[in-house]
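Read off the chains here:
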Amino acid sequence: EKIVVIGTTEYAEIYRFAVALTQELQSIGLNAVLEVYDWPTALAKELERDTWNLWTTYFLSEMYNPSGWGSPIDYSFLLDRPEWDAAYGRLFTADESEYPEIIAELQCWLYKNAPILNFGGFTAAQASTSKLEGYTMRHVHRFWNVSLAD
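A few points on the structure.

Reading the values: rules and limits
Residues numbered from 1 in each chain as written. Predicted model: local features only at pLDDT ≥ 70, side-chain atom pairs only at ≥ 80, totals over all residues. Heavy atoms only, no water. Helix = DSSP H or I, 4+ residues; strand = E, 2+ residues; numbered from the N terminus. Buried < 20%, exposed > 50% of the residue type's maximum accessible area, 1.4 Å probe, protein only. Contact = heavy atoms within 4.5 Å. Areas by Shrake-Rupley, 256 points an atom, 1.4 Å probe, with all protein chains shown as cover. Pairing = 2+ DSSP bridges. Axes fitted to C-alpha atoms, helices over the stretch in contact; angles between N-to-C directions. Parallel < 35°, antiparallel > 145°, perpendicular 65-115°, else oblique. Left-handed = near helix turned anticlockwise from the far one by under 90°. Nonpolar A, V, L, I, M, F, W, Y, C, P; charged D, E, K, R; others polar. Salt bridge = Lys/Arg side-chain N within 4 Å of Asp/Glu carboxyl O. Core = buried A, V, L, I, M, F, W, Y, C linked by side-chain atoms within 4.5 Å. Patch = residues over 30% accessible without salt bridge, like charges linked within 9 Å, V, L, I, M, F, W, Y side chains within 5 Å. Lys, Arg positive; Asp, Glu negative; His and termini not counted. Charge placed at Lys NZ, Arg CZ, Asp CG, Glu CD.

**Points about the overall build of the chain**
Here comes step 1: Across its full length, the chain carries 4 helices and 5 strands.
Here comes step 2: Its helices and strands taken in sequence order, the chain reads β-α-β-α-β-α-α-β-β from the N to the C terminus.
Here comes step 3: Of all 150 residues assigned to the chain, the portion counted as buried reaches 24%.
Here comes step 4: Look at the contacts in the chain between residues 6 or more apart in sequence, and 54% of them connect residues 24 or more apart.
Here comes step 5: Carbon and sulfur atoms make up 54% of the accessible area of the chain, which totals about 10,500 Å².

Okay, here's the thing in structure tokens:
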């Protein structure tokens with residue numbers, strides 16, 4: 001049986017991982033095939049669930065902020081489980097102090113059911129100074145409303 005891996009050359013990390021993943025699968029005797037697309041096509045292809053088996057991508061989210069979890073892609077085919085839906089739904093009505101417990105429950109569900117596997121992480125190195133006002137360390141740089149103190 002053929003295993004189709006989707007990758008894109010527009011993000012070097014995603015492409016390198018797709019190549020490595022495909023080669024590793026082939027090295028253990030699996031019939032893995034890498035299909036490479038530009039980013040818009042890869043996103044469109046993602047919706048054609050019956051045409052691929054593995055899709056290499058990345059997610060950026062602010063860990064305890066459910067409003068940062070938005071996506072234009074409907075991942076319901078991955079997460080159509082009552083336990084997940086119940087816990088995820090609580091994020092939108094819970095007090096912020098409850099987020100760590102709810103997120104721990106979601107992470108346990110993900111590890112148990114494995115619809116998405118995290119094979120690593122990458123972020124940019126960041127540094128700050130006490131003279132910088134309005135800057136908050138995050139996964140991606142955000143420089144609006146930031147200034148140097150006088």
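**A short note on the sheet that holds strand S2 (residues 31-37)**
Here comes step 1: Pairing within the open sheet is parallel, and its 3 strands lie in the order S2-S1-S3. Among the strands making up the open sheet, the edge pair consists of S2 and strand S3 (54-55).
Here comes step 2: Both strand S1 (residues 2-8) and S2 contribute to a ladder of 7 bridges, which runs parallel. By the bridge assignment, Ile 3 is partnered in S2 with Ala 32.
Here comes step 3: With respect to the sheet, helix H1 (residues 12-27) is in contact with S1, S2 and S3, its orientation differing from that of S1 by roughly 165°.
Here comes step 4: Against the sheet, helix H2 (residues 39-46) touches S1, S2 and S3, its axis set at about 130° to S2.

**Observations regarding the packing of helix H3 (residues 82-90) against helix H4 (residues 99-113)**
Here comes step 1: Packing of H3 against H4 leaves a shortest axis separation of 9 Å and a crossing angle of 155°. Regarding the angle of H3 to H4, the classification is roughly antiparallel. Here the hand of the crossing between H3 and H4 comes out left-handed. Along the contact surface, H3 presents Glu 83, Trp 84, Ala 87, Tyr 88 and Arg 90, while H4 presents Ile 102, Glu 105, Leu 106, Trp 109 and Leu 110.
Here comes step 2: Of the residues assigned to the contact of H3 with H4, the class counts are 7 nonpolar, no polar and 3 charged.

**Considerations on the pattern of salt bridges**
Where charged atoms of side chains with opposite charge meet at close range, the side chains can pair.
Here comes step 1: By the definition in use, this model includes 2 salt bridges.
Here comes step 2: Between Glu 48 and Lys 45 there is a salt bridge whose closest N-O contact spans 3.4 Å.

**Focus on the nonpolar core**
Here comes step 1: With 9 residues, the main nonpolar core is built from Trp 84, Ala 87, Leu 91, Ala 94, Tyr 99, Ile 102, Ile 103, Leu 106 and Trp 109.
Here comes step 2: Elements supplying a minimum of two residues to this core: H3 and H4.
Here comes step 3: Counting 8 residues, the second-largest nonpolar core is a separate cluster that includes Ile 6, Ile 14, Trp 52 and Trp 55.

**Topic: a negative patch on the surface**
Here comes step 1: A cluster of acidic residues, Asp 95, Glu 96, Glu 98 and Glu 101, forms a negative patch on the protein surface.
Here comes step 2: Considering the arrangement of structural elements, one finds Glu 101 in helix H4.

**So, the environment of Leu 25**
Here comes step 1: One can find Leu 25 in helix H1.
Here comes step 2: For Leu 25, a relative accessible area of 15% translates into the label buried.
Here comes step 3: Counting along the chain gives 22 residues from Leu 25 to Ile 3, while the straight-line C-alpha distance between them is 8.8 Å.

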